[in-house]
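Now for the letters of each chain:
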Amino acid sequence: FPVTIGKEEKNKKDRERYRKESTFELRRLITNNFNEKSYFSTLTFREKIYETKKANYEVKKYIKRIKDSAKLLGKSTDIKYIFISEEHDHASSNTP
């Protein structure tokens with residue numbers, strides 16, 4: 001006989017499936033685009049940004065500043081990056 005799954009349990013399974021798929025896709029991107037000479041950095045915004053459009057705009061400005069600095073130093077401006085947007089619980093952060 002069929003097993004009934006509650007809406008909350010189904011949502012939980014959907015979130016878990018999405019998390020696994022996202023993790024797989026991120027690993028694929030990293031493996032195919034970066035190597036042991038690549039740099040890794042985690043950056044956060046000082047203030048909470050609620051709009052994805054604004055966050056994307058700020059990241060693009062930041063990448064442009066990095067490219068401009070590299071150009072001034074005579075370095076390559078071919079910069080690869082992965083931008084992942086996620087909510088951050090500031091209450092659990094160590095910084096005030």
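Below or above, wherever it landed, is the structure these notes cover. (Residues numbered from 1 in each chain as written. Predicted model: local features only at pLDDT ≥ 70, side-chain atom pairs only at ≥ 80, totals over all residues. Heavy atoms only, no water.)

**Side note on the overall build of the protein chain**
Next, step 1: Secondary structure summary: the protein chain contains two helices and zero strands in total.
Next, step 2: Out of the 96 residues in the protein chain, the part that is buried amounts to 4%.
Next, step 3: Of the roughly 9,900 Å² of accessible surface on the protein chain, a fraction of 53% belongs to carbon and sulfur atoms. (Helix = DSSP H or I, 4+ residues; strand = E, 2+ residues; numbered from the N terminus. Buried < 20%, exposed > 50% of the residue type's maximum accessible area, 1.4 Å probe, protein only. Areas by Shrake-Rupley, 256 points an atom, 1.4 Å probe, with all protein chains shown as cover.)

**Points about a nonpolar patch on the surface**
Next, step 1: Taken together, I30, I82 and I84 make up a surface patch of nonpolar side chains, about 240 Å² in accessible area.
Next, step 2: Mapping I84 onto the fold places it in the segment after helix 2 (52-72). (Patch = residues over 30% accessible without salt bridge, like charges linked within 9 Å, V, L, I, M, F, W, Y side chains within 5 Å. Salt bridge = Lys/Arg side-chain N within 4 Å of Asp/Glu carboxyl O.)

**Thoughts on the pattern of salt bridges**
Next, step 1: Taken as a whole and judged by the stated rule, the model has seven salt bridges.
Next, step 2: The residue E58 makes a salt bridge to K54 at a minimum N-O spacing of 2.9 Å. Taken as a pair, E58 and K54 lie in helix 2 at a separation of four residues, close to a single helical turn.
Next, step 3: For K54, a relative accessible area of 40% corresponds to the partly exposed category.
Next, step 4: A salt bridge links E58 to K61, with the nearest nitrogen and oxygen atoms 3.4 Å apart. Here the residue E58 and the residue K61 both occupy positions in helix 2, the gap between them amounting to three residues, near one helical turn.
Next, step 5: The class of K61 is partly exposed, set by a relative accessible area of 32%.

**Some points on helix 2**
Next, step 1: With 21 residues, helix 2 should reach 30 Å at 1.5 Å per residue; the first-to-last C-alpha distance of 30 Å fits that figure.
Next, step 2: Three or more residues of helix 2 are buried, namely A55, V59, I63 and A70. Along the axis of helix 2, the buried residues cluster in a sector spanning 65 degrees; they form a single face. Exposed and facing more than 90 degrees away from the buried side of helix 2 are K53, K60, K71 and L72.
Next, step 3: Positive backbone phi, approximately 75 degrees, marks G74, located one or two places after helix 2. (Expected span 1.5 Å × (residues − 1). Arc of directions from axis to C-beta.)

**Focus: the environment of F34**
Next, step 1: Tracing the chain through its elements places F34 in the loop between helix 1 (7-33) and helix 2.
Next, step 2: In the structure, F34 is positioned 46 residues away from K80 in sequence and 8.2 Å away in space, judged by C-alpha atoms.
Next, step 3: If we skip the residues at most four places from it in the chain, F34 touches L29, K80, Y81 and I82. (Contact = heavy atoms within 4.5 Å.)

**Overview of the environment of S76**
Next, step 1: Residue placement: S76 occurs in the segment after helix 2.
Next, step 2: Here S76 falls in the exposed class, since its relative accessible area comes to 55%.
Next, step 3: Looking at S76, its side chain comes within polar contact range of the main-chain nitrogen of D78, at 3.1 Å. (Polar contact = N/O pair within 3.5 Å; in protein donor to acceptor, adjacent residues only side chain to side chain.)

All we've got here are geometric facts, nothing functional implied.
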